[in-house]
Amino acid sequence: MAAQIASGQTSSVELTQAHLDRIESVDTDVHAFLFVDSQGALAQAAAVDAKRAAGEKLSPLAGVPLALKDVMTQKGIPTTAGSKILEGWRPPYDSTVVVNLKKNDIVILGKTNMDEFAMGSSTENSAYGPTHNPWDLTRIPGGSGGGSSAALAAFEAPLAIGTDTGGSIRQPAAVTGTVGVKPTYGGVSRFGLIAFSSSLDQAGPCARTVLDAALLHEAIAGHDPKDSTSINAPVPQVVNAAKSGDVKGMKIGVVKELNGEGYQSGVRTRFDESLELLADAGAEIIEVSAPNFEYALAAYYLIAPSECSSNLARFDAMRYGLRVGDVDGASAESVMNLTREVGFGREVKRRIILGTYALSSGYYDAYYGSAQKVRTLITQDFNKAFEKCDVMVSPTCPTTAFKIGEKSNDPIAMYLNDIATIPVNMAGIGGMSLPAGLAPEDGLPVGFQIMAPAMQDQRMYLVGAALEAALLTKWGAPLLSLAPVLAGK
Amino acid sequence: MSSLSRDDVANLARLARIEMSEAELVSLSSEFTVILDAVARVQEVAGADVEPTSHPLPLRNVFRPDVVVASLTSGEALSGAPAQEESRFRVPQILGEE
């Protein structure tokens, strides 16, 4: 699309209008967007077209539209993080990601639906209703960034931004047949990302191809003085890697513990097939072991709730957002209690209470303290495995997309969805999911996960590009061209 | 087996400043029995010889140059306030009467 704009075949305004029309026609079914900024997007597109007409040198993605996860602040645009407690709030500032998008002249179409405060794996926890998977509208689009991935799969946007705390970019990408990348922790600024679990949260690119993801990655990444945990080092050369796709001589480690039992048979079939294609492309496939990964899920559900119980204390009804019960004579404490009762959804309350417990005196060592030790062990597992291989791989999720409502009353079953994605966040390294085909038994997309050492993000793009090219040759057309539901629209 | 009683959950909800109905307290306390059992597994491998990790980056004291930069105006900062008075946030009563 960028090339078409650059060559003058189409304009950014035409492209933006076409996507706004598409949103108009399919989003009543998909519900990927919480807010569509038609006016702002068209104005931004017109400005890019004017710059181009004036002969200005523009970035590679200039004029291409994008869908922004509603956890990122954008000045003057409603930002809710999927929660009632922020309904109607218009941030007075841009997140650094948005600043970078605007700097690259990427057109922001609107804000996408998500699990409340990014807590969930299905987008069912949004206070504004679930998003539907474009492959089958009765199924979940993954979460927490289900709106962003569904917008891509439904051709409502060619690019999107997600955030990944335990898999919220990669799992939605897997179940919608799209590409999602969680960069190395600190690779993309968290300034203006509404915090869930600060030591795990990481924003990243979502797209329909590996190269598009790489271009978006380079546009948003880089050091930011406003985020003290942002890495002050050159951004990995991910675009070059995505263009090269040369995996000859690379060692790819299959994680023994993230395969086999508990993984759907069609997921395993497509995963094994992808390994063969990578071997054909010249990579060496070996097996690596990560014995402590089995404790990652348990540790995650202590660390993330602990951090969220602290982070979400800022929603106190005093400076912004919802305020309930502010009647004459009411105390600040009762207003806080009532506001947080009404403003937070069930999953958010569950995690705040769990985190409050895990951090409370007498239980701290047994829960939060032990979870932090598991985090060390997982990092050590990665370090040992990366001595033997360049990247590690696994299926992104144990299953394909499940039905909306199927797991909403069983928190543990829901949490198990993230079993293969969580270790990456615990160690702060990079992870990518790209489509590996459709599971034969249900015809739904399967995701292939690639994990690379910290600040070696380019390795994921090398392997991703190689696999994507091999699969495209095999299929003869992109996977998304097979998505049945919205084909007629 | 770990568990939390209805009263334990009520106490945690008070600490977390969330009002909760009786039904919610009871259902959360039963869910916590299952969740705590699942997460308690971390204790199996967390030996005394393992150093805890609180953060993926080994950063200490990150500073920026001590230079004045633009910040939000008071109008911008107050733009999302539930209530305001004389260019300040208006909040409910914080201290008791006496």
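Residues numbered from 1 in each chain as written. Chains lettered and ligands numbered in written order. Predicted model: local features only at pLDDT ≥ 70, side-chain atom pairs only at ≥ 80, totals over all residues.

## Things to note about the overall build of chain A
Right, on to step 1. A tally of regular secondary structure across chain A gives 16 helices and 11 strands.
Right, on to step 2. With the C-alpha coordinates of chain A rotated into their principal frame, the extents come out at 70 × 55 × 45 Å.
Right, on to step 3. Put simply, 76% of the contacts in chain A that link residues at least 6 apart link residues at least 24 apart. (Helix = DSSP H or I, 4+ residues; strand = E, 2+ residues; numbered from the N terminus. Contact = placed C-beta atoms within 7 Å.)

## Brief notes about the overall build of chain B
Right, on to step 1. Across its full length, chain B carries 3 helices and 2 strands.
Right, on to step 2. Over its C-alpha trace chain B gives a radius of gyration of 23 Å, far above what one expects of a compact globule, namely 13 Å for 98 residues.
Right, on to step 3. Taken over the C-alpha atoms alone, chain B extends approximately 55 × 45 × 30 Å along its principal axes.
Right, on to step 4. The buried share of chain B, reckoned over its 98 residues, is 19%. (Rg over C-alpha atoms; globule rule 2.2 N^0.38 Å. Buried ≥ 20, exposed ≤ 12 C-beta atoms within 10 Å, placed from the backbone.)

## Structural notes on helix H10 (residues 296-311) of chain A
Right, on to step 1. For H10 of chain A, with 16 residues, the first-to-last C-alpha span of 22 Å sits near the 22 Å given by 1.5 Å per residue.
Right, on to step 2. By the criterion of burial, H10 of chain A is predominantly enclosed, with 14 of the 16 residues buried. (Expected span 1.5 Å × (residues − 1).)

## Quick word on the nonpolar core
All names here are of chain A.
Right, on to step 1. Grouped together as the largest cluster of nonpolar side chains are 174 residues, with contacts concentrated most on Leu-66, Ala-214, Ala-299, Leu-302, Val-391 and Val-463.
Right, on to step 2. Both domains that meet at this core, namely domain 1 (2-294 + 374-482) and domain 2 (295-372), each give it at least three residues.
Right, on to step 3. Aside from chain neighbours lying at most four places away, what touches Ala-214 is Val-238, Val-239, Ala-241, Ala-242 and Tyr-461. (Core = buried A, V, L, I, M, F, W, Y, C linked by C-beta atoms within 7 Å. Domains from an automatic or database assignment.)

## Some thoughts on the domain arrangement of chain A
All names here are of chain A.
Right, on to step 1. Segmenting chain A into domains produces domain 1 (2-294 + 374-482) and domain 2 (295-372).
Right, on to step 2. Taken over C-alpha atoms, the centre of domain 1 sits 28 Å from the centre of domain 2.
Right, on to step 3. If you look at the interface, domain 1 gives 33 residues, while domain 2 gives 27 residues.
Right, on to step 4. Broken down by secondary-structure element, the contributors of at least two residues to the side of domain 1 that touches domain 2 are helix H13 (365-388), helix H14 (411-415) and helix H15 (422-427).

## What to know about the sheet that holds strand S11 (residues 445-452) of chain A
All names here are of chain A.
Right, on to step 1. Across the sheet, which stays open at both edges, the 11 strands sit in the order S1-S3-S2-S4-S6-S5-S10-S11-S9-S7-S8 with mixed pairing between neighbours. Each of the sheet's edge strands pairs with one partner strand only, and the pair in question is strand S1 (33-36) and strand S8 (284-288). Direction aside, the axes of adjacent strands within the sheet are offset by 30° on average.
Right, on to step 2. Where strand S2 (residues 65-69) and strand S3 (residues 107-112) come together, 5 bridges link them in parallel fashion. Along S3, the bridge assignment pairs Pro-65 with Val-107. (Pairing = 2+ DSSP bridges. Axes fitted to C-alpha atoms, helices over the stretch in contact; angles between N-to-C directions.)

## Observations concerning the interface of chain B and chain A
Right, on to step 1. Taken together, the contacts link 45 residues of chain B with 58 residues of chain A.
Right, on to step 2. Elements with a minimum of two residues in the side of chain B that touches chain A: helix H1 (6-15), helix H2 (22-39) and helix H3 (74-77) of chain B.
Right, on to step 3. Considering each element in turn, the side of chain B that touches chain A owes the most residues, 6 residues, to H2 of chain B.

## Observations concerning the environment of Asp-390 of chain A
Residue and element names in this part refer to chain A.
Right, on to step 1. Secondary-structure assignment places Asp-390 in the loop between H13 and strand S9 (391-395).
Right, on to step 2. Since 19 C-beta atoms lie within 10 Å of it, Asp-390 is described here as partly exposed.
Right, on to step 3. Once the C-alpha coordinates of Asp-390 and Glu-273 are considered, the two residues, 117 residues apart in sequence, prove to be 20 Å apart.
Right, on to step 4. Excluding its chain neighbours within four sequence positions, the residues that come into contact with Asp-390 are Met-250, Lys-251 and Arg-459.

## Let's talk about helix H11 (residues 332-343) of chain A
Right, on to step 1. Its 12 residues give H11 of chain A an end-to-end C-alpha distance of 16 Å, which sits within 8% of 16 Å, the value for a rise of 1.5 Å per residue.
Right, on to step 2. Of the positions making up H11 of chain A, those classed as buried are Val-335, Met-336, Asn-337, Leu-338, Thr-339, Arg-340 and Gly-343 of chain A.

## Focus: the environment of Ser-149 of chain A
All names here are of chain A.
Right, on to step 1. Within the secondary structure, Ser-149 sits in helix H5 (residues 146-153).
Right, on to step 2. For the pair formed by Ser-149 and Lys-102, sequence separation is 47 residues and the distance between their alpha carbons is 21 Å.
Right, on to step 3. Apart from the residues within four sequence positions on either side, Ser-149 is in contact with Pro-141, Gly-142, Pro-172, Ala-173, Thr-176, Thr-178, Gly-180 and Cys-206.

## As for unusual backbone geometry
Residue and element names in this part refer to chain A.
Right, on to step 1. A cis amide bond links Gly-143 to the next residue, Ser-144, at an omega of 10°.
Right, on to step 2. Of note, Ser-144 is situated in the loop between S3 and H5.
Right, on to step 3. The backbone phi angle of Phe-155 is positive, close to 60°, even though this residue is not glycine.
Right, on to step 4. Position of Phe-155 relative to the elements: it lies in the loop between H5 and strand S4 (159-163).
Right, on to step 5. Given 18 C-beta atoms within a 10 Å radius, Phe-155 is considered partly exposed.
Right, on to step 6. Notably, Met-455 is not glycine yet its phi reads approximately 60°, a positive angle.

## Here's the deal with the packing of helix H12 (residues 346-358) of chain A against H1 of chain B
For any two helices packed against each other, one specifies the inter-axial angle together with the distance between the axes.
Right, on to step 1. Where H12 of chain A contacts H1 of chain B, the axes come no closer than 9 Å and their chain directions differ by 95°. One finds that H12 of chain A runs roughly perpendicular with respect to H1 of chain B. Every residue of H1 of chain B that contacts H12 of chain A at Ile-353, Thr-356 and Tyr-357 of chain A is listed here: Val-9, Leu-12, Ala-13 and Leu-15 of chain B.
Right, on to step 2. Its residues assigned to classes, the contact of H12 of chain A with H1 of chain B shows 6 nonpolar, 1 polar and no charged. (Parallel < 35°, antiparallel > 145°, perpendicular 65-115°, else oblique. Nonpolar A, V, L, I, M, F, W, Y, C, P; charged D, E, K, R; others polar.)

## Concerning the pairing of S2 of chain A
All names here are of chain A.
Right, on to step 1. Judged by how many residues are buried, S2 sits mostly within the fold: 5 of 5 residues are covered.
Right, on to step 2. The alternating pattern of S2 places Pro-65, Ala-67 and Lys-69 on one face and Leu-66 and Leu-68 on the opposite face, and all of these are buried.
Right, on to step 3. Pairing geometry for S2 and S4, over 3 bridges, is parallel. Looking at the pairing, Leu-66 lines up with Leu-159 of S4.

## Section: the confidence of the model for chain B
All names here are of chain B.
Right, on to step 1. In this model, chain B carries a mean pLDDT of 90, and residues with pLDDT of at least 70 account for 96%.
Right, on to step 2. Across chain B, the element-wise mean pLDDT spans from 92 in strand S1 (residues 84-85) up to 96 in H1.
Right, on to step 3. Reported confidence for the predicted complex is 0.93 by ipTM and 0.96 by pTM. (pLDDT = per-residue confidence, 0-100.)

## Topic: the packing of H10 of chain A against H13 of chain A
Residues and elements named next belong to chain A.
Right, on to step 1. Here H10 crosses H13 at 125°, and the two axes come no closer than 9 Å. Looking at the two axes, H10 sits oblique to H13. The way H10 lies across H13 gives a crossing that is left-handed. In this structure, H10 uses Ala-296, Ala-299, Leu-302, Ile-303 and Ser-306 to contact H13, whose residues at the interface are Tyr-367, Tyr-368, Ala-371, Val-374, Arg-375 and Ile-378. (Left-handed = near helix turned anticlockwise from the far one by under 90°.)

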